[in-house]
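Structural characterization, general
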Amino acid sequence: MIKAGIIGSTGYAGAELTRILLGHKNVEIKWLSSKSYTGQAYASVYQNMFELIDEKCVDDNMEDLAKQADVIFTATPQGYLASILKEEILSQVKIIDLSADYRIKDVSIYEKWYQIPHKSPQFIKEAVYGLCEINREQISQARLVANPGCYTTCSILTAYPLVKEGLIDADSLIIDAKSGASGAGRGAKVSNLFCEVNENIKAYGVAAHRHTPEIEEQLGYAAGKEIKVNFTPHLVPMNRGILVTEYAHLTKKVSYEEVKAVYDSYYAAEKFIRVLEKDVFPETKWVEGSNFVDINFKIDERTGRIILVGALDNLVKGAAGQAAQNMNLMFGEPEAEGLLFAPAFP
């Protein structure tokens, strides 16, 4: 059995991870940590866990907690793990970090976009970017995985095959992304109140969202050069889901069949990526509560551009499900173990 612990277990991503790990046949949840609810029964914070989890939340002393687990998930704000991570901890336990602390390889870019100093840059080079479908082999050998976020996972996977094959001009890529309110976390904020979100849609972080350099870095690896993209996120009045619509110039004239063959060459064998049938476009409701990513495309012959559409559940494939998928790879488990649940509808 894999002994797992979760720091930040009472946030939305941490709670989703708890739910997923409960259904994993080879995982034992050793402890659930929450700084805000230390000493309080976990099921009193999330009543859906009544009679499923009896434990109380513990504090976040990672040095002590590392001695009790094989893997620690940190579902915490930016800067938390970087401020406490030491070689002594990493020598005892594997870590999957759901924050951005180790996603970006250039520490100066991280500090610029996140506006905080990085306190353990010595671990950045070692950390593996945990996008399973692209970095599977490196993840399986890692002791520190930087779990990608929801916007980035959807944006990267939707465009990756075409960028890698040079079918689109990566510098022309425009990403219009929309997220449900849970993507902002569980903290109380005026902008996330029901009356602020309901019957409303808004763009935010325009030309300044901190996921932009992460998308550019990862797609830049695929392109074999540094790239710049336009990324604009929007908040929509739903609980879960990410939908991205991406636009790019084609580098040559191609047919539907040629583009479909490229996607199939990358994703046909991937359990959690579904390239949809022609002219069927992803919707958030068809991936809700699941670890699936739905993708499709449309060639616009009139403009010489291609339109790409992707959808995922921001709390599952965009956070907790991907973290569990990474854990499976790191411990030699079947990659889909504990994750083969169908999307919930309605």
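Residues numbered from 1 in each chain as written. Predicted model: local features only at pLDDT ≥ 70, side-chain atom pairs only at ≥ 80, totals over all residues. Heavy atoms only, no water.

A closer look at unusual backbone geometry
Here the bond from Phe345 into Pro346 is cis, since omega is 0°, no more than 30 degrees from zero. Summarising the element assignment, Pro346 is placed in the segment after α12 (316-330). Phi at Glu199 takes a positive value of approximately 55°, unusual for a residue other than glycine. Along the polypeptide, Glu199 turns up in the loop between α9 (194-197) and β8 (202-203). Accessibility expressed as a relative area gives 73% for Glu199, which makes it exposed. (Helix = DSSP H or I, 4+ residues; strand = E, 2+ residues; numbered from the N terminus. Buried < 20%, exposed > 50% of the residue type's maximum accessible area, 1.4 Å probe, protein only.)

Notes on the environment of Gly241
With respect to the helices and strands, the residue Gly241 is situated in the loop between β9 (230-235) and β10 (242-249). Separated by 179 residues in the primary sequence, Gly241 and Met62 place their C-alpha atoms 31 Å from one another. Setting aside its immediate chain neighbours within four residues, Gly241 contacts Lys178, Ser179, Gly180, Thr284, Leu312, Asp313 and Asn314. (Contact = heavy atoms within 4.5 Å.)

Observations regarding the sheet that holds strand β12 (residues 293-300)
Taken in spatial order, the seven strands line up as β8-β9-β7-β10-β13-β12-β11 in an open sheet, and their pairing is mixed. Across the chains shown, the open sheet's two edge strands, defined by having one partner strand only, are β8 and β11 (273-275). (Pairing = 2+ DSSP bridges.)

Concerning helix α1 (residues 12-22)
Counted residue by residue, α1 has eight buried out of eleven residues, so it is predominantly covered. Turning to α1, its buried residues are Ala13, Gly14, Ala15, Glu16, Leu17, Thr18, Ile20 and Leu21.

Some remarks on the nonpolar core
In this structure, Leu21, Tyr42, Phe73, Ile96, Leu98 and Met327 are the most contacted members of the largest nonpolar core, which totals 42 residues. When contributions to this core are tallied by element, the ones reaching two or more residues are β1 (2-7), α1, β2 (27-33), α2 (42-45), β3 (71-74), α7 (132-140) and α12. The biggest single contributor to this core is α12, with eight residues. Filtering out sequence-adjacent residues up to four positions away, Met327 remains in contact with Ile2, Leu21, His24, Val27, Val71, Phe73 and Ile96. (Core = buried A, V, L, I, M, F, W, Y, C linked by side-chain atoms within 4.5 Å.)

Overview of the sheet that holds β1
Read across the sheet, six strands follow the order β2-β1-β3-β4-β6-β5 without closing on themselves; strand pairing throughout is parallel. Looking along the sheet, the strands with just one partner apiece sit at the ends: β2 and β5 (128-129). Of the strand pairs in this sheet, β3 and strand β4 (residues 94-97) are connected by four bridges, and their pairing is parallel. Residue Ile72 lies in a different strand from β4, and its bridge partner there is Ile95.

A short note on the packing of aromatic side chains
Evaluated as defined, the whole model comprises nine aromatic pairs. Seen in terms of ring centroids, Tyr42 and Tyr46 are 5.9 Å apart; in terms of plane orientation they differ by 35°. Their pairing is tilted. Of the two residues examined, Tyr42 and Tyr46, each falls in the buried class. On the numbers, 5.1 Å between centres and 20° between planes, the contact of Tyr110 with Tyr114 is stacked. Of this pair, Tyr110 and Tyr114 both sit in helix α6 (residues 107-114), separated by four residues, roughly a single helical turn. (Phe/Tyr/Trp six-rings, centres within 6.5 Å; stacked < 30°, edge-to-face > 60°.)

Some words on the environment of Phe281
On the secondary structure map, Phe281 appears in the loop between β11 and β12. For the pair formed by Phe281 and Phe297, sequence separation is 16 residues and the distance between their alpha carbons is 7.6 Å. Residue contacts for Phe281: discarding those within four places in its chain leaves Leu276, Asn296, Phe297, Lys298 and Val309.

Here we look at the pairing of strand β13 (residues 305-312)
For β13, a buried count of six out of eight residues is recorded, marking the element as mostly surrounded by other parts of the structure. By the bridge criterion, eight bridges tie β10 to β13 in an arrangement that is antiparallel. By the bridge assignment for β13, His249 is matched with Arg305. Sheet topology places β12 next to β13; eight bridges connect them, and they run antiparallel. Counted as the bridge partner of Ile299 is Ile306 from β13. Hairpin connection of β12 to β13: four residues between the antiparallel strands, including Gly304 at a positive phi of 75°.

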